[in-house]
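Coordinate inspection notes
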Amino acid sequence: MAVPPTPPSTTLVEPPSSPPPPRRRVVWPFFLVAALVAAVVAVVIGLDEPDDRPPPPMAVPDFPVPELEVPPGSAVPHGAAIAPGAAHDATRPTTAAVRDWATTLAEKTQIPQRSLVAYAEAELAVRTSAPACGLSWATLAGVGRVESHHGRYGGSDIGADGRLTPPIIGIPLDGSPGVRAIPDTDGGRLDGDSRWDRAVGAMQFLPATWQRWGARAIADGRPPDPQNVDDAALSAARYLCASGGDLSTAEGWWRAVMAYNGSVTYGQNVFSGADAYAKAAAQLR
């Protein structure tokens, strides 16, 4: 059940004293890379159980992500800093350093440079707003890989301003087989559907969940936009920090990711991506 909405804020907040209840979510597809391409589920904040739907054909990226069947709560993904020497307790790297790091890492991991910048800036933002969270950009990359192939699902492109074109909008949550019925909650403002809710954006938020957790990454006075990778990454970071507590611990990391989706398979897929990306980044030092 979705958390009762509160007005979106352009200012990050400290995590609540207790994490929000698990969201009910619906599945979105993606492909993992290996000699054998396996169809796995991607998910939407808002539904309890994943829905097994056959994935459409997608281009297989060059970067291999080993599938790791890590028991929940037993480990955290490999750690890696943003830019050389930018550890969690270090001075914030410059914008130029983050962009240079993202450009180099994008060539290695096949993550769009613009998405990597969004993940990194979201981590840097919550270091200030929620310093005890311990969120890594790699975890956001693991989520983004599952949810929308880093903003490229369905052939979407990411503009220099972070905006997705065309927008990524999920299937109607209309109660069809394997999908929970969620009547419209926003008059179709975010998803274009005034009858049923749909998941939106690079991190696949339901409109009601976005209403509570959506945050604008830049202070320009405009409302948060789930179709902007910067806003989507920052909003996902807020949600994960509020749900997990300390994501540098195995308990906290798994609690946060399982709040995003209660599926163990989902958590393992996010872990696999986060671990592979962090290890690739560590090799750049």
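So, here is what we can say about the structure in this document. (Residues numbered from 1 in each chain as written. Predicted model: local features only at pLDDT ≥ 70, side-chain atom pairs only at ≥ 80, totals over all residues. Heavy atoms only, no water.)

1. What about the overall build of the protein?
Looking only at helices and strands, one finds seven helices and four strands in the protein. Its helices and strands in sequence order give the protein the pattern β-β-α-α-α-β-β-α-α-α-α, from N to C terminus. With 285 residues in all, the protein has 54% of them scored as buried. In the form shown here, the protein has an accessible surface area of approximately 11900 Å², with 56% of it arising from carbon and sulfur atoms. (Helix = DSSP H or I, 4+ residues; strand = E, 2+ residues; numbered from the N terminus. Buried < 20%, exposed > 50% of the residue type's maximum accessible area, 1.4 Å probe, protein only. Areas by Shrake-Rupley, 256 points an atom, 1.4 Å probe, with all protein chains shown as cover.)

2. Some details on the pattern of salt bridges
Here the structure, examined in full by the defined rule, presents nine salt bridges. When the shortest N-O distance is used, the salt bridge between Arg92 and Glu121 registers 2.6 Å. Of this pair, Arg92 sits in the loop between β2 (39-43) and α1 (95-109) while Glu121 sits in helix α2 (residues 113-129), and the two are 29 residues apart along the sequence. Salt bridges sharing common partners tie together Arg216, Asp220 and Asp231. (Salt bridge = Lys/Arg side-chain N within 4 Å of Asp/Glu carboxyl O.)

3. Notes on the packing of helix α3 (residues 137-148) against helix α7 (residues 264-282)
At a closest axis distance of 7 Å, the pairing of α3 and α7 adopts a crossing angle of 125°. In this view, α3 runs oblique relative to α7, as classed from their interaxial angle. Our pair here, α3 against α7, has a crossing hand that is right-handed. Facing Trp137, Ala138, Thr139, Ala141, Gly142, Val143, Arg145, Val146 and Glu147 of α3, the residues of α7 in contact are Tyr266, Asn269, Val270, Gly273, Ala274, Tyr277, Ala278 and Ala281. Grouping the constituent residues of the contact of α3 with α7 by class yields eleven nonpolar, four polar and two charged. (Axes fitted to C-alpha atoms, helices over the stretch in contact; angles between N-to-C directions. Parallel < 35°, antiparallel > 145°, perpendicular 65-115°, else oblique. Left-handed = near helix turned anticlockwise from the far one by under 90°. Contact = heavy atoms within 4.5 Å. Nonpolar A, V, L, I, M, F, W, Y, C, P; charged D, E, K, R; others polar.)

4. Let's talk about the state of the cysteines
The full count for this structure, using the stated rule, is one disulfide. Linked covalently through their sulfurs, Cys133 and Cys241 form a disulfide whose S-S length is 2.0 Å. On the sign convention where negative is left-handed, the bridge of Cys133 and Cys241, at about -85° about the S-S bond, is left-handed. Placement of the pair is Cys133 in the loop between α2 and α3 and Cys241 in helix α5 (residues 229-244), with a sequence separation of 108 residues. Here Cys133 falls in the buried class, since its relative accessible area comes to 2%. A residue is classified by how much of its surface remains accessible, and Cys241, at 2% relative accessible area, is buried. (Disulfide = S-S within 2.5 Å.)

5. Some details on the packing of aromatic side chains
Counting across every chain of the model gives nine aromatic pairs. Arranged with centres 5.6 Å apart and planes meeting at 20°, the rings of Phe63 and Tyr277 form a pair that is stacked. One end of the pair, Phe63, is in the loop between β2 and α1; the other, Tyr277, is in helix α7, with 214 residues separating them in the sequence. Both residues of the pair, Phe63 and Tyr277, count as buried. (Phe/Tyr/Trp six-rings, centres within 6.5 Å; stacked < 30°, edge-to-face > 60°.)

6. Details of the nonpolar core
In terms of nonpolar packing, the biggest core is built from 65 residues, with Trp101 and Trp137 touching the most fellow members. Elements supplying a minimum of two residues to this core: α1, α2, α3, α4 (207-213), α5, α6 (250-260) and α7. Setting aside its immediate chain neighbours within four residues, Trp101 contacts Ala81, Ile82, Ala83, Leu116, Ala120, Trp137 and Ala281. Core analysis: the second largest hydrophobic core is formed by five residues, Leu173, Val179, Ile182 and Ala199 among them. (Core = buried A, V, L, I, M, F, W, Y, C linked by side-chain atoms within 4.5 Å.)

7. Considerations on the side chain of Ser148
Relative to the helices and strands, Ser148 resides in helix α3. A distance of 2.8 Å separates a polar side-chain atom of Ser148 from the backbone nitrogen of Gly151. Among the polar contacts made by the side chain of Ser148, one reaches the main-chain carbonyl oxygen of Ala202 at a distance of 2.8 Å. Ser148 has contacts with Tyr153, Ile168, Gly201 and Ala202, leaving out every residue within four places of it along the chain. (Polar contact = N/O pair within 3.5 Å; in protein donor to acceptor, adjacent residues only side chain to side chain.)

8. A word on the packing of α1 against α2
Running from amino to carboxyl end, α1 crosses α2 at an angle of 130°, the nearest separation of the two axes being 8 Å. In terms of axis orientation, α1 runs oblique to α2. The way α1 lies across α2 gives a crossing that is right-handed. Across the interface between the two elements, Val98, Arg99, Trp101, Ala102, Thr103, Leu105, Ala106 and Thr109 of α1 pack against Gln113, Leu116, Val117, Ala120, Glu121 and Leu124 of α2. Grouping the amino acids of the contact of α1 with α2 by side-chain chemistry returns nine nonpolar, three polar and two charged.

9. Looking at unusual backbone geometry
For the peptide bond that leads from Thr165 to Pro166, omega is -5°, which places it in the cis range. Tracing the sequence through the fold places Pro166 in the loop between β4 (164-165) and α4. Positioned with a positive phi, Gln204 is a non-glycine residue whose angle comes to about 55°. Relative to the helices and strands, Gln204 resides in the loop between β4 and α4.

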